[in-house]
Amino acid sequence: MARKPIIAGNWKMHKFQAESVELVNALMAELKPIEKTELPEVVVAPVFTSLHVVRKAMDDCGCGKVKLAAQNCYYEAQGAYTGEVSTEMVKDAGVDYVIIGHSERRQYFGETDEMINKKAKAILANDLLPIICCGETLEQREAGVTDSHIESQIRAALDGISADDVAKSVIAYEPIWAIGTGKTCDSDEANRVIAMIRNVVKSVAGEAAADAIRILYGGSVKPETIEEQMAKSDIDGALVGGASLKADSFAKIVRGAM
Ligand code: PEP
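Residues numbered from 1 in each chain as written. Predicted model: local features only at pLDDT ≥ 70, side-chain atom pairs only at ≥ 80, totals over all residues. Heavy atoms only, no water.

Quick word on the overall build of the protein chain
Heads up, the rule is: Counting from the N terminus, the helices are DSSP H or I runs at least four residues long and the strands are E runs at least two residues long. Taken over C-alpha atoms, the radius of gyration is set against a globule rule of 2.2 Å times the number of residues to the power 0.38. Buried residues are those whose accessible area, probed at 1.4 Å on protein chains only, stays under 20% of the maximum for their type, while exposed residues exceed 50% and partly exposed ones sit between those limits. Residue contacts are defined here by distance: any two heavy atoms, one from each residue, within 4.5 Å place the two residues in contact. Surface exposure here means Shrake-Rupley accessible area, sampled with a 1.4 Å probe, where a residue is shielded only by the protein chains that are shown.
Across its full length, the protein chain carries twelve helices and eight strands. For 258 residues, the compact-globule formula gives about 18 Å, and the C-alpha radius of gyration of the protein chain, at 17 Å, lands near that figure. Along the first, second and third principal axes, the C-alpha atoms of the protein chain reach 45 × 45 × 35 Å. By residue count, 53% of the 258 residues in the protein chain fall in the buried class. Intrachain contacts of the protein chain at a sequence separation of at least 6 include 75% that bridge at least 24 residues. Surface summary for the protein chain: the accessible area is close to 11,400 Å², and the carbon and sulfur share equals 51%.

Here it is as structure tokens:
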């Protein structure tokens, strides 16, 4: 079964509201000449404070070529959780996807596998789709534990989720040593790890879910790397950080995935 590729831009903690609107409008202008059916799924993930205005810019444009993601959410619906934003609330702001388990969230904000699993369940229960990040540190890679570490992250994230919901979800394999460093993971190696992840999904949720789930590569993806990455059997797209902050470089990555 052909899997629709996804190119997702993680804007991290960048861009004020006006800049976010400017960026998404510039991106939609770049994508204007391309037929929607030819495009991969294109997703952008602004900061929480920009979600609503970016949604409005997308709706005003009416082209339907870009989808919206939040970079995080909390799994409780509401309550005394100062500083958190629930899945229901990001849905209310108009998102389609929520990124969870990004290595920066795990590293700086103590996000655990258990929390990521609860978030994935809350996201799916609200008819949104999770983009579940996983990846190894350089130390883990050098110690030869990349595969076992990622397998345990994926098993924990998907625990108790139905095969149908797993099939709709998205995973992003992001070797931590490749994020924001300019060092892209060799595309054969990225493909090998992603195929391994697909096998883990098969053992957790069955063959149909493993065939359907989209698994992205992330880590210093650039316009120059995307074609080679997309040519690999198991890489279904990219989660892009730095290169998503400029409409022209992100649009080049989108075109490279067509
Ligand atoms: C990311 O933020 O998920 C990421 C992969 O960043 P970069 O593309 O800058 O390495």
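Observations regarding the environment of Met230
Position of Met230 relative to the elements: it lies in helix α11 (residues 226–230). For the pair Met230 and Gly256, spaced 26 residues apart in the sequence, the C-alpha separation amounts to 7.9 Å.

Details of the packing of aromatic side chains
Given two aromatic rings, one states the distance between the centres and the angle between the planes to describe the pair. Threshold: In this analysis, rings of Phe, Tyr and Trp, with Trp reduced to its six-membered ring, are considered paired at centre separations within 6.5 Å, and the interplanar angle assigns stacked below 30 degrees, edge-to-face beyond 60, and tilted for intermediate values.
Summed over the entire model, instances satisfying the criterion amount to four aromatic pairs. For the pair Tyr108 and Phe109, a centre-to-centre distance of 6.4 Å together with 85 degrees between the ring planes defines the contact as edge-to-face. The same class applies to Tyr108 and to Phe109, which are both exposed. An aromatic cluster of at least three residues, connected via ring pairs, comprises Tyr74, Tyr75 and Tyr81.

Quick word on the pattern of salt bridges
A side chain with one charge may pair with a side chain of the opposite charge, provided their charged atoms come close. Put simply, the test is: We define a salt bridge as a contact between a side-chain nitrogen of Lys or Arg and a carboxyl oxygen of Asp or Glu at a distance within 4 Å.
Under the criterion given, the structure shown has 21 salt bridges. Asp113 is the salt-bridge partner of Arg106, the closest N and O atoms lying 2.8 Å from each other. In this structure, Arg141 engages Glu136 in a salt bridge whose closest nitrogen and oxygen atoms are separated by 2.7 Å. Look at the salt bridges and you will find they share partners, linking Glu136, Arg141, Asp147, Glu189 and Arg192 into a network.

What about the environment of Ile7?
Relative to the helices and strands, Ile7 resides in strand β1 (residues 6–10). For Ile7, the residues in contact, after removing those within four places along its chain, are Pro40, Glu41, Val42, Val43, Ile226, Gly237, Ala238, Val240, Phe250, Ile253, Val254 and Ala257.

Side note on the sheet that holds strand β6 (residues 170–173)
How we decide: The rule for pairing is simple: two strands pair if DSSP sees at least two bridges between them. In this description, a line fitted to the C-alpha atoms serves as the axis of each element, helices being fitted only across the stretch in contact, and the angle between N-to-C directions of two axes falls anywhere from 0 to 180 degrees.
If you walk around this closed barrel you meet the eight strands as β1-β2-β3-β4-β5-β6-β7-β8, and the pairing is parallel. The mean angle between the axes of side-by-side strands here comes to 25 degrees, regardless of whether they run parallel or antiparallel. Strand direction decides the pairing type here: β1 and strand β2 (residues 41–45), joined by five bridges, are parallel. Paired with Ala8 across the strands is Val43, a residue of β2. Contacting β4 (97–100) and β5 (129–134), helix α5 (residues 113–125) crosses the sheet at an angle of about 160 degrees to β5. The sheet contacts of helix α12 (residues 247–256) involve β1, β2 and β8 (237–240), and relative to β1 the element is tilted by about 160 degrees.

Remarks on the site of the ligand
This is how the line gets drawn: One heavy atom suffices: a residue is near a molecule or strand as soon as one of its heavy atoms comes within 4 Å of it. N or O atoms within 3.5 Å of each other form a polar contact, as long as, within protein, one can give a hydrogen and the other can take it, and as long as residues adjacent in sequence are counted only when both atoms are side-chain atoms. Residue classes follow a fixed rule: Ala, Val, Leu, Ile, Met, Phe, Trp, Tyr, Cys and Pro count as nonpolar, while Asp, Glu, Lys and Arg count as charged, and any other residue, Gly among them, counts as polar.
Taken together, 14 residues lie near the ligand, and Lys12, Glu174, Gly180, Ser220 and Gly241 sit nearest. In this structure, Lys12 approaches the ligand through a side-chain N or O atom, which is 2.8 Å from an oxygen atom. Taking Gly180, its main chain carries an N or O atom lying 2.6 Å from an oxygen atom of the ligand. Protein burial of the ligand: of its 300 Å² of free accessible surface, 95% is covered by the chains. In the shell around the ligand, the residues fall into four nonpolar, eight polar and two charged.

Examining α5
Basically, it comes down to this: Any helix carries an expected span of 1.5 Å times its number of residues minus one.
Its 13 residues give α5 an end-to-end C-alpha distance of 18 Å, which sits within 8% of 18 Å, the value for a rise of 1.5 Å per residue. If you check which residues of α5 are buried, you get Ile116, Asn117, Lys119, Ala120, Ala122, Ile123 and Leu124. In this structure, the buried side of α5 is in contact with α3 (87–92), β4, α4 (103–109), β5, α7 (146–158) and α8 (163–168). With its phi angle positive at about 60 degrees, Asp127 sits one or two positions after the end of α5.

Thoughts on the pairing of β6
Of the two faces of β6, the one holding Val170 and Ala172 and the one holding Ile171 and Tyr173 are both buried throughout. Summarising the sheet, β5 and β6 pair through four bridges and their orientation is parallel. Bridging from a neighbouring strand, Ile131 pairs with Val170 of β6. Where β6 meets strand β7 (residues 214–218), four bridges bridge the pair, whose relative direction is parallel. When the bridges of β7 are listed, Ala172 appears paired with Leu216.

Any link to function would need more than the numbers given here.
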